[in-house]
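What follows is each chain in one-letter form.
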Amino acid sequence: MRPGRRQKVSDAEVFAAAQRVMSRRGPHELTLADIAEEAGVTAGRLVQRFGSKRALLAALSEQFAASAGTVFAGLRAVHRSPWATLRAYADCMAGLAPTPEALLRNLAYLQGDLSDDRLRGHLAANARATRREIEALVEAAVAAGELARGTNPRTLARAVDTAIT
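Below is a short write-up of the structure. (Residues numbered from 1 in each chain as written. Predicted model: local features only at pLDDT ≥ 70, side-chain atom pairs only at ≥ 80, totals over all residues. Heavy atoms only, no water.)

## Here we look at the pattern of salt bridges
Reasoning step 1: Under the counting rule described, the total for this entry stands at eight salt bridges.
Reasoning step 2: In this structure, the salt-bridge partner of Glu38 is Arg20, at a minimum N-O distance of 2.8 Å. Within this pair, whereas Glu38 is found in helix 2 (residues 32–39), its partner Arg20 is found in helix 1 (residues 11–22), the two being separated by 18 residues in sequence.
Reasoning step 3: For Arg131, the salt bridge is made with Asp161, and the minimal N-O distance between the two is 2.8 Å. Within this pair, whereas Arg131 is found in helix 8 (residues 117–143), its partner Asp161 is found in helix 9 (residues 153–164), the two being separated by 30 residues in sequence.
Reasoning step 4: Classification of Arg131 as partly exposed rests on a relative accessible area of 28%.
Reasoning step 5: Linked through salt bridges whose partners overlap, the residues forming this network are Arg20, Arg24 and Glu38. (Salt bridge = Lys/Arg side-chain N within 4 Å of Asp/Glu carboxyl O. Helix = DSSP H or I, 4+ residues; strand = E, 2+ residues; numbered from the N terminus. Buried < 20%, exposed > 50% of the residue type's maximum accessible area, 1.4 Å probe, protein only.)

## Considering the nonpolar core
Reasoning step 1: Judged by nonpolar contacts, the single largest core of 20 residues is most densely connected at Val14, Met22, Leu30, Ile35, Leu46, Phe50 and Leu56.
Reasoning step 2: Of all the elements in the fold, those that place two or more residues in this core are helix 1, helix 2, helix 3 (43–50) and helix 4 (53–65).
Reasoning step 3: It is helix 1 that contributes the most residues to this core, six residues altogether.
Reasoning step 4: When near neighbours in sequence (up to four residues on either side) are disregarded, Val14 contacts Val9, Ile35, Leu46, Arg49, Phe50 and Leu56.
Reasoning step 5: The next biggest cluster of nonpolar side chains, apart from the first, holds 13 residues, and it includes Leu75, Tyr89, Val138 and Ala141. (Core = buried A, V, L, I, M, F, W, Y, C linked by side-chain atoms within 4.5 Å. Contact = heavy atoms within 4.5 Å.)

## Details of the packing of helix 8 against helix 9
Reasoning step 1: The geometry of helix 8 relative to helix 9 is characterised by a closest axis approach of 8 Å and an angle of 125° between their N-to-C directions. Judged by the angle between their axes, helix 8 and helix 9 are oblique. When the axes of helix 8 and helix 9 are compared, the crossing they make is right-handed. Two secondary-structure elements touch here, helix 8 through Thr130, Arg131, Ile134, Glu135, Val138 and Glu139 and helix 9 through Pro153, Arg154, Leu156, Ala157, Arg158, Val160, Asp161 and Thr162.
Reasoning step 2: Taken together, the residues that form the contact of helix 8 with helix 9 break down as six nonpolar, two polar and six charged. (Axes fitted to C-alpha atoms, helices over the stretch in contact; angles between N-to-C directions. Parallel < 35°, antiparallel > 145°, perpendicular 65-115°, else oblique. Left-handed = near helix turned anticlockwise from the far one by under 90°. Nonpolar A, V, L, I, M, F, W, Y, C, P; charged D, E, K, R; others polar.)

## Regarding the packing of aromatic side chains
Where two aromatic rings form a pair, the distance of their centres and the angle of their planes describe that pair.
Reasoning step 1: A complete count under the given rule lists two aromatic pairs for this structure.
Reasoning step 2: With a centroid separation of 6.0 Å and an interplanar angle of 45°, the aromatic rings of Phe15 and Phe50 are classed as tilted. Linking Phe15 in helix 1 with Phe50 in helix 3, this pair joins segments that are 35 residues apart in sequence. The two residues Phe15 and Phe50 agree in class, both being buried.
Reasoning step 3: Centroid distance Phe72 to Tyr89: 4.6 Å. Interplanar angle 35°. Geometry classified as tilted. (Phe/Tyr/Trp six-rings, centres within 6.5 Å; stacked < 30°, edge-to-face > 60°.)

All quantities given are derived from atomic positions and should not be read as evidence of function.
See below:
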């Protein structure tokens, strides 16, 4: 092992490293060695832990599928208003593809996820949870007087979610 390499990293650290590398490299350029370098471990350590790049990406996808509640809870903690929380979520999503190149990389990863049954299931779970969170924010915005009474939360949540994603 080279100097500067760590013996252990948490899954969260590996996933964060993977996301950073994925923001710079497309799916066909991504290697376990890149992720390992970013995480400060050897590629062999990642193979021991996950087995393959595909398995690491599947674990990352599974973690992503369960993240909607945490993401929205964090946004609610920072923003007092339901409408401000929803706007912050939209800004966060827009920031995922700040350049045309980043958008193309994201679409390439999405294409791969959609073509894999397991990864597609994780995307669908996250999409359902996200829609529920958006609908809850719309309901709260109506209750707080930030949106007109009579607004249909389900319909508006669907439109907002569609526009953002």
